[in-house]
Amino acid sequence: MSDWGPVFVAVVLFVLLTPGLLFQLPGRHRLVEFGNFQTSGASIMVHSLLYFCLVSVFVLAIKVHLYLG
């Protein structure tokens, strides 16, 4: 059996933290904008840092495991 936990966590966080899908931090006109489907270079950097931090926490600190098979 292989461990699919890190893959699952990475895919879910990648979809949820896509800039402009659910929220954009920083937004174009406000600090946080919700559901605007737009992005900028600054928001890509912020969302990338959030993604890295959350993946690190879930995979390394909490040790999420999902075994299929």
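Residues numbered from 1 in each chain as written. Predicted model: local features only at pLDDT ≥ 70, side-chain atom pairs only at ≥ 80, totals over all residues. Heavy atoms only, no water.

(A) Up close: the side chain of Asn36. Take Asn36: it is sitting in the loop between β3 (33-34) and α2 (41-61). Polar side-chain contacts of Asn36 include one of 2.8 Å to the side chain of Gln24. Not counting residues up to four positions away in its chain, the partners in contact with Asn36 are Gly20 and Gln24. (Helix = DSSP H or I, 4+ residues; strand = E, 2+ residues; numbered from the N terminus. Polar contact = N/O pair within 3.5 Å; in protein donor to acceptor, adjacent residues only side chain to side chain. Contact = heavy atoms within 4.5 Å.)

(B) Fine view of α2. Between the first and last C-alpha of α2 there are 29 Å, a value that for 21 residues agrees with the 30 Å anticipated at 1.5 Å per step. Every buried residue of α2 is accounted for by Ser43, His47 and Val55. Along the axis of α2, the buried positions cluster into a sector of 90°, meaning they face one direction only. Residues of α2 that are exposed and point over 90 degrees away from its buried face: Gly41, Met45, Leu49, Phe52, Leu60 and Ala61. On the buried face of α2, the contacting elements are α1 (5-16) and β2 (23-24). (Expected span 1.5 Å × (residues − 1). Buried < 20%, exposed > 50% of the residue type's maximum accessible area, 1.4 Å probe, protein only. Arc of directions from axis to C-beta.)

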